Amino acid sequence: MELRLQAQEDEIMLLKSSLADALRRIRLHDQLLPILKQQLIAVNPGAARMLNQVCSSDGCRKLSSSSAMDGVSHPATSQLLESFVTKTNGHIGSPVSSEPRPRPATVDRSTQTELPQTGQDLGPDKVPLPRCVQSLQLEDALPPGKPVGDGNRAKLHRIPGMEEDDEEPEDDEETGGEQEKELSWASSVEEPIQPTNIRSLLREDFQDGQCSPEESSLALLRPTDQNTSSRPSPLSPIQEGEKQPLVRRNSEKLGNPEKQRRRLDKKAASAANLLARSPSLENRAKELIASAGSPGSRRGTYSQGQSIKMFIRGRPITMYIPSNIQNYEDLKMEPPSERLELDWVYGYRGRDCRANLYFLPTGEALYFIACVIVLYHIDNRTQRHYRKHTDCVRCLTLHPDKVRVASGQTAGVDKDGKPLQPCVHIWDSTTLVTLQQIGVGTFQRGVGSVAFSITDSGTFLCVIDDSNEHMLSVWDSTKGTKQAEVKSTNEAVFAVEFNPSDSSNIITCGKSHVYFWTLNAGQFTKKQGIFGKYKKPKFIQCFVFSLTGDVLTGDSEGNILTWGKSAADIKTLGKGAKETFQIMRQTRAHEGSVFTLCTLQGGALLSGGGKDRKIIRWSADLAPERECEIPEKFGAVRTIADVDGEEVLVGTTRNAILRGNFSDGFVAIVQGHVDEMWGLATHPSVNIFLTCGHDRQVCLWNTEEHKLDWSITLEEYGLCADFCPNGSVVSVGLSTGRWVVLDLLTKEVVSESTDGNEQLSVMRYSPDGSFLAVGSHDNFIYIYSVTDSGRRYTRFGKCNGHSSFITHLDWSKDGKYIMSNSGDYEILYWDIAGGCKLLRNRFESKDREWASYTCVLGFHVMGVWLEGSDGTDINALCRSHSERVVAVADDFCKVHLFQYPCPKPKAPSHRYEGHGSHVTNVCFTHSDSHLLSMGGKDTCILQWRVVGGGVGSGRDRLASASASSTSSPEPAAS
């Protein structure tokens, strides 16, 4: 609907412009005809009788108006015209014939008719009217041989309403009349007026070499003398006794009267030229709708010969076709031969999940982040990945056999907004094969907690979803069938477990509650834990079973509560009283919450604190034995996994996994960001990369050793970064308009500056490192000259021209130009070496080569946009250094790999899943061996290995394909 309204508005504006031009022509004719009549009578009285006969029936004013308005040939008009061109002697006399003459053929593409060739016999008593005679002048009405004196020579003056801003090139003034084909003035008056076909105008004007496509598009908004006219102009007014020269609006003096006459004629003819080459309005509207995509689409494209129009949210974006592409329409887009394989996953989700860290007998740590479940061998430092989930994993549990795993995911939406149903996967940790998929279409919002039964060797699986009622359900883990279901509570539920000695007993805990469930014959009965004389905590965070069968809970008050079953109080409650679960003992454990409890072999217990960040070892009778405190930078203890009774793995709230024991302390084996990430940059010569995000951390990672080299915390959060080409420093743009330059070895700030007071969105060094471009949300690009090996920066200039915030920019290979995108889908080009000037004619930049390609809008990456995109669906892209492929980060958790260049819509690609949030950035390493992708809210960094591929650059491949392409169908996207 949006597209149709836009098309209708365009056509209405076009029609209004056409009508205004037609009315102006009519008024012009009305002014010219009486003046011409007087001048003809003055120089040739014999013409008075003929003019009186013509004008006696309807009047000259009515004749002129009707001819221009209805576009129909009138006998009176033909009679008047034929009186001007008679026998071959060129004299003006009485009319040759009073019959209407047929309309001459034209060269108009819209009518597909041909113009009579020069010198063609037009009849025994007709002579061809030269094309250069655009309006009937005084000299044409004189008998041959009679000169025109100064007293009767007409001087041309600018007509009000016909002034133009455009300047005509000098070469057009000299040769424009000779280059135009012959066409009689009668045919121009008799031809019907039709709306303008924008596409044909752009193509014809560009191919004629008179102007660039961009200049041609401007001609649609105003008549211009640069268009080759297929119609002559209306008559110009003739003033007697005046000799003042023609003066332009800018007061420029023109000395040659002949040049003045041709210039004014072509100015007046531009309106007719605008109207003469068009198909019907109905066909134009149909063409716009068909070319812009399916109804309701927000994006479409159509070709204009030398340029392509792309629509995003109804806004047209012109892409100019490079010169090395000869047959754009015949280009065939194919998926790239390169593919991606997931190599490494950086990060761990500990900030908002519980009980999501286990240790497998294979020596692997089992945990998850985003949509990927990672099996990390802590000694060999290798990873395997389970990737069958379609959205973020929320919970995890290990089967009693220590091989099978159950994992639950949250509900999500696809790119069309359709919900993706949450479910639980049961899979084999050895083969990574999915054994069961449970609960598709049953759970709402997501799966919050899962647990296997123990006494029956894991026959049953208990699940609690994230619906308002937090539905508790029990499933057969081998058959995938539901055994029972019940509403648990409207409060948050944090954990669920089977009683290890009785599979019919289930315990849940959460906000202000502990529930003891009994399952009998498919029916649940619930008993609530009684706090009695003890203070009721706000949250029961976790629980475990002791060797004696008691339930131990950790709460938000920092206490460990021991729960036991009490006999029915018949004396107080009567004969109907039943047994209850009450607190048997309270043990003060931590300052702040007790986030996790873990039982060890032999009955010992480990507890992890929140506020105090302590891990305490307790004896079987809850006597404290040992304790240690983890470093503050890792956050609080979220979960603990036993390795061998002494060594443990600790998951923290700042998304780190620590390995260690009480004697030697703990070291981080997994680290990651804790908030949304946007900044990503790869080193120009070493296999390292840098990330920054809303957690104010700047992290330097090693792609070979898969570890964090160092991290620092800034005062504001970083949003963008780039390495200096010499590789010694890196610049980071912050959220306040400030940017800093860090030394990679010392981690110290060697330079800093502030540009504006809004966030920075892109930092980009020129290829030789002599300039740094800083793109800001204040719509400016700040340019700095760089000296002292990237340690000294001096303001060079500022690029001012965007009407929205800067999103992406790239330098040309020679370091003299910049291409930039903005939030309102603009593509602008800047001459930095020439003083940060905006290049008005974007057509001139179509063949420029770019050192990098990260701009999401451009001819070479136009095909990466999916059908229906709204302009924000692609967050980032990156061209490989080999210029063979381009990687795309979208808003639908996907990473795409396209062939480069990718200039045609609906181009096929390889699509890869793994992120659980919008992918904010992608970047190739310096050797193109790996691709790095960053999630937003999932705080996940995925390292992909690039496999396959051939030789040669994408530019050479596209040029050869353009020269030899055929019309074979395009392959579908994979």
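The rules behind these values
- Residues numbered from 1 in each chain as written.
- Predicted model: local features only at pLDDT ≥ 70, side-chain atom pairs only at ≥ 80, totals over all residues.
- Heavy atoms only, no water.
- Helix = DSSP H or I, 4+ residues; strand = E, 2+ residues; numbered from the N terminus.
- Buried < 20%, exposed > 50% of the residue type's maximum accessible area, 1.4 Å probe, protein only.
- Contact = heavy atoms within 4.5 Å.
- Areas by Shrake-Rupley, 256 points an atom, 1.4 Å probe, with all protein chains shown as cover.
- Pairing = 2+ DSSP bridges.
- Axes fitted to C-alpha atoms, helices over the stretch in contact; angles between N-to-C directions.
- Salt bridge = Lys/Arg side-chain N within 4 Å of Asp/Glu carboxyl O.
- Phe/Tyr/Trp six-rings, centres within 6.5 Å; stacked < 30°, edge-to-face > 60°.
- Lys NZ or Arg CZ within 6 Å of the ring centre and 35° of its normal.
- Disulfide = S-S within 2.5 Å.
- pLDDT = per-residue confidence, 0-100.
- Lys, Arg positive; Asp, Glu negative; His and termini not counted.
- Polar contact = N/O pair within 3.5 Å; in protein donor to acceptor, adjacent residues only side chain to side chain.

Let us look at the overall build of the protein. Scanning the protein for helices and strands turns up 13 helices and 57 strands. Taken over 974 residues, the protein has a buried fraction of 57%. Intrachain contacts of the protein at a sequence separation of at least 6 include 54% that bridge at least 24 residues. As presented, the protein carries roughly 40,800 Å² of accessible surface, and 49% of it is formed by carbon and sulfur atoms.

Attention shifts here to the sheet that holds strand β51 (residues 874-879). If you trace the four strands from one edge of the open sheet to the other, you get β51-β52-β53-β54, paired in antiparallel fashion. Two strands in the sheet have a free side with no partner beyond their single neighbour: β51 and β54 (910-912). Going from strand to strand, the sheet's axes swing by 20° on average, the running direction of each strand aside. In the sheet, strand β53 (residues 895-899) pairs with β54 via three bridges, with the strands oriented antiparallel. Note that in β54 the partner of L897 across the bridge is H910.

Turning to the pattern of salt bridges, a few remarks are in order. Summed over all chains, the structure comprises 30 salt bridges. Between R945 and E341 there is a salt bridge whose closest N-O contact spans 3.4 Å. Within this pair, whereas R945 is found in strand β57 (residues 941-947), its partner E341 is found in strand β4 (residues 339-346), the two being separated by 604 residues in sequence. Accessibility expressed as a relative area gives 32% for R945, which makes it partly exposed. When its relative accessible area of 40% is taken as the criterion, E341 is described as partly exposed. A salt bridge links R738 to E752; its shortest N-O distance comes to 2.5 Å. Taken together, the positions of R738 in strand β41 (residues 738-743) and E752 in strand β42 (residues 749-754) put the pair 14 residues apart, joining distant regions of the chain. On the accessibility criterion, R738 (15% relative accessible area) is buried. One salt-bridge network, in which partners are shared between bridges, spans K813, E849, R879 and E883.

With that settled, the discussion passes to the pairing of strand β30 (residues 624-629). Two faces belong to every sheet, and in a regular strand the side chains alternate between them. Two elements, strand β29 (residues 614-618) and β30, share five bridges in a ladder whose sense is antiparallel. What sits directly across from R617, in β30, is R626. What sits between β29 and β30 in their antiparallel hairpin is a turn of five residues, with L622 showing a positive phi close to 65°.

Turning to the sheet that holds strand β6 (residues 364-369), a few remarks are in order. Taken together, the four strands give an open sheet; going across it, the order is β5-β6-β7-β8, and neighbouring strands pair in antiparallel fashion. Where the open sheet ends on each side, the last strands, each with one partner, are β5 (358-359) and β8 (382-386). The pairing of strand β7 (residues 372-377) with β8 spans five bridges and is classified as antiparallel. Residue pairing in the sheet places I373 in a bridge with Y386 of β8.

So, about the environment of M584. Following the sequence through the fold, M584 ends up in strand β26 (residues 580-588). Taking the C-alpha atoms as reference, M584 lies 9.9 Å from V551; in sequence the two are 33 residues apart. Excluding its chain neighbours within four sequence positions, the residues that come into contact with M584 are Y534, T562, W563 and G564.

Attention now moves to unusual backbone geometry. The residue after Y900, namely P901, is reached through a cis peptide bond having omega -5°. Structurally, P901 is set in the loop between β53 and β54. You will see that A370, though not glycine, has its phi angle at about 55°, which is positive. In this structure, A370 sits in the loop between β6 and β7. The exposure class of A370 is buried, given its relative accessible area of 2%. Phi at C893 is positive, roughly 70°, even though this residue is not glycine. Counting through the fold element by element, C893 comes out in the loop between β52 (885-890) and β53.

Looking now at the packing of aromatic side chains. Two descriptors summarise a pair of aromatic rings, namely the distance from one centre to the other and the angle between the planes of the rings. Under the criterion given, the structure shown has 25 aromatic pairs. Here F443 and W475 contribute two aromatic rings whose centre-to-centre distance is 5.7 Å and whose plane-to-plane angle is 65°, an arrangement assigned as edge-to-face. With a gap of 32 residues between them, F443 in the loop between β14 (434-438) and β15 (447-452) and W475 in strand β17 (residues 471-476) connect regions that are remote in the sequence. Assigned by exposure class, F443 and W475 land together as buried. Ring centres 5.2 Å apart and planes at 80° place the aromatic pair F531 and W563 in the edge-to-face group. On the criterion of sequence distance, the pair formed by F531 in the loop between β22 (523-528) and β23 (540-545) and W563 in strand β25 (residues 559-566) is long-range, its members being 32 residues apart. The pair F531 / W563 is uniform in exposure class, with both members buried. A cation over a ring is seen here: K526 above Y515, with NZ or CZ 4.3 Å from the ring centre. Lying across the ring of Y328, K904 places its NZ or CZ 5.7 Å from the centre.

Turning to the pairing of strand β18 (residues 482-487), a few remarks are in order. Two elements, β17 and β18, share five bridges in a ladder whose sense is antiparallel. Bridge pairing links M471 to K487 in β18. What sits between β17 and β18 in their antiparallel hairpin is a turn of five residues, with G480 showing a positive phi close to 75°.

Our next topic: the environment of G347. Locating G347 in the fold gives a position in the loop between β4 and β5. On the accessibility criterion, G347 (1% relative accessible area) is buried. Residues G347 and Y367, 20 residues apart in the sequence, show an inter-C-alpha distance of 9.9 Å.

A few words on the state of the cysteines. Counted under the stated rule, the structure contains zero disulfides. Here C799 stays free of any disulfide, with the sulfur of C836 as its closest cysteine sulfur at 4.4 Å. Judged by its relative accessible area of 1%, C799 falls in the buried class.

Let's shift gears to the confidence of the model for the protein. The share of residues in the protein with pLDDT of 70 or more is 69%, and the mean pLDDT across the chain is 77. Low pLDDT, under 50, characterises residues 267-300; the predicted model gives this stretch 114 contacts beyond four residues in sequence or across chains. Considering only residues more than four positions removed or in separate chains, one finds that residues 962-974, a stretch of pLDDT under 50, has 29 contacts.

In this section: the environment of G564. The topology assignment puts G564 in strand β25. On a C-alpha basis, the gap between G564 and Q582 in space is 5.7 Å, while along the polypeptide they are 18 residues apart. The contact partners of G564, leaving out residues within four places of it in the chain, are T580, F581, Q582 and M584.

Another point: the side chain of D938. Structurally, the position occupied by D938 is in the loop between β56 (930-935) and β57. In this structure D938 is buried but unpaired, with R351 as the nearest side chain of opposite charge at 7.2 Å. A polar side-chain atom of D938 sits 3.4 Å from the main-chain amide nitrogen of S917. Of note is the side chain of D938, whose polar atom sits 3.0 Å from the backbone nitrogen of C940. Excluding its chain neighbours within four sequence positions, the residues that come into contact with D938 are R351, I369, A370, H915, G916 and S917.

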